[in-house]
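The primary structure of each chain is shown beneath.
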Amino acid sequence: MKRIIASIALISLFTVSCKNSQSTQQQAPKTQNVKNDITDEQLMDRVQKDALKYFWDYAEPNSKLGRERYHEDNIYPDNDKHVVTTGGSGFGLATVLVGVERGFVPRKEAVKRLTVMMDFLAKADRHKGAWSHWINGETGKTVPFGKKDNGGDLVETAFLTSGILMVREYFKNGNAEEKALAKKCDELWKGIQWNWYTKGGEKVLYWHWSPNYGWEMNFPLEGYNECLITYILAASSPTYPIDAETYYKGWTRNGTYLSDKTKYGLPLYVKHNGAEEYGGPLFWAHYSYIGLDPTNLSDKLIKNYFDLNKNQVLIDYKYCVENPKNWKGYGPNYWGLTASYSRNDDGTAGYDAHFPKNDRGVITPTAALSSFPYTPKESMDFLRFIYTQKPEFIGSAGPYDATSINYDNWFTPRYLAIDQGTIAPMIENYRTGFLWKLFMNAPEIQQGLKKLSFKSEKYNIR
């Protein structure tokens, strides 16, 4: 079954992907209990190291990019073990940088591996500079996401590009090998024709373009969802930029995406596409903010993006604590709804976009763990609980993608790049702001944000 481009209430599409796996829960390798006297710092180190393994130990062997999925049970119903994901690989680049910065992996070895990745991306199929959603890791050829979705995917390209720019910034003043790597990153970034994806100059970006089907997917990027970073990068491009009007007319729907609604006394600020009461799945607070620092970040319409994201996460948390469907296990230590693998009614592993209006009793660890910058106490409570009390939920690359205490401690021993890839970066942004500093200080990003009337005292953007 094709990876879902699901809608929330059949209204708004998602980037997150997966395939129904048609398999039941598998018996996974036993993980040794973590003692409860472990410190918070040690716990954060542990989960960051574990998540790094997805992109270091289990990377696709030829391209070294992030596989779409990694299954401990080695069951791949669609024979897609070699398929790499563009967006998830971008999160993987950020994860590898965290690994280098924290000394989890050798810097020299990381440079070698990142160079292989950039060389692969340079030779891979591109569509007006953008990469496809899926790429064959052995050949570099586009793997269709769907019949008409066989060309450029601008949103996945944006997630990848965010990582590429952070790699460039991290290594640009290094030794000869590092400078050569940074140069490769710069060339890849400058080759993306962002303005092509306005479909001939419309004041909005489009998600897809196919060399065979043109614009038939016809999906404009309008907020609010996970796609903000696409507009930031498009405005920042030194070669194929969009203008500010495209951002304000397209992404903000001429300003009509603002909301005066509250939940649990917390303002939502924007209309989450198809999820206006509680907000959407929590990846909306993660994907665009691996590099884009929301701290006191404003534009013409939003006073503080950090508050917007924090409130979305807190609403999700409070919903799980309230637990109106009375799922067993939900509470202050076990919460977090986002798109991920899921549990089908018959107990098999499927996929769903979990959020309060689509709550199936499945908790996805990345939801709470990647929310550390916004809810450090609540996220730490989850991290400590899952590692010390639920070792069956921990596998070879950290917490499994989907879990459920309600269904007799159900889990699926499988991982997705887009979920595992946000954990180490967002925890690091909470701990040190490392990736935020890299991205926000990139010269083009500074200019692009100013073009769009963003302001950030933290980064001297006025």
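Conventions used here
Residues numbered from 1 in each chain as written. Predicted model: local features only at pLDDT ≥ 70, side-chain atom pairs only at ≥ 80, totals over all residues. Heavy atoms only, no water. Helix = DSSP H or I, 4+ residues; strand = E, 2+ residues; numbered from the N terminus. Expected span 1.5 Å × (residues − 1). Buried < 20%, exposed > 50% of the residue type's maximum accessible area, 1.4 Å probe, protein only. Polar contact = N/O pair within 3.5 Å; in protein donor to acceptor, adjacent residues only side chain to side chain. Pairing = 2+ DSSP bridges.

Per an unreviewed UniProt entry, the chain carries the name Beta-glucosidase and comes from Chryseobacterium cheonjiense.

Another aspect to go through is unusual backbone geometry. In this model, Gly-223 is joined to Tyr-224 through a cis peptide bond whose omega is 15°. With respect to the helices and strands, the residue Tyr-224 is situated in the loop between strand 8 (208–209) and helix 6 (228–236). A positive phi is found at Tyr-264, a non-glycine position, where the angle reads about 55°.

As a further point, take helix 8 (residues 305–322). End to end, helix 8 covers 26 Å across 18 residues, agreeing with the expected 26 Å (1.5 Å per residue, within 8%). Helix 8 sits mainly inside the fold: 13 of its 18 residues count as buried. Where helix 8 starts, the residue carrying a side-chain oxygen 2.9 Å from the main-chain nitrogen of Phe-306 turns out to be Asn-304. Backbone geometry just downstream of helix 8 places Asn-323 in the positive-phi region, at approximately 50°.

A few words now on the sheet that holds strand 5 (residues 134–136). Here we have 3 strands laid out as an open sheet, ordered 4-5-6, and antiparallel in their pairing. Pairing within the sheet leaves two strands with one partner each, and these edge strands are strand 4 (83–85) and strand 6 (142–143). Pairing geometry for strand 4 and strand 5, over 3 bridges, is antiparallel. Paired with Thr-85 across the bridge in strand 5 is Trp-134.

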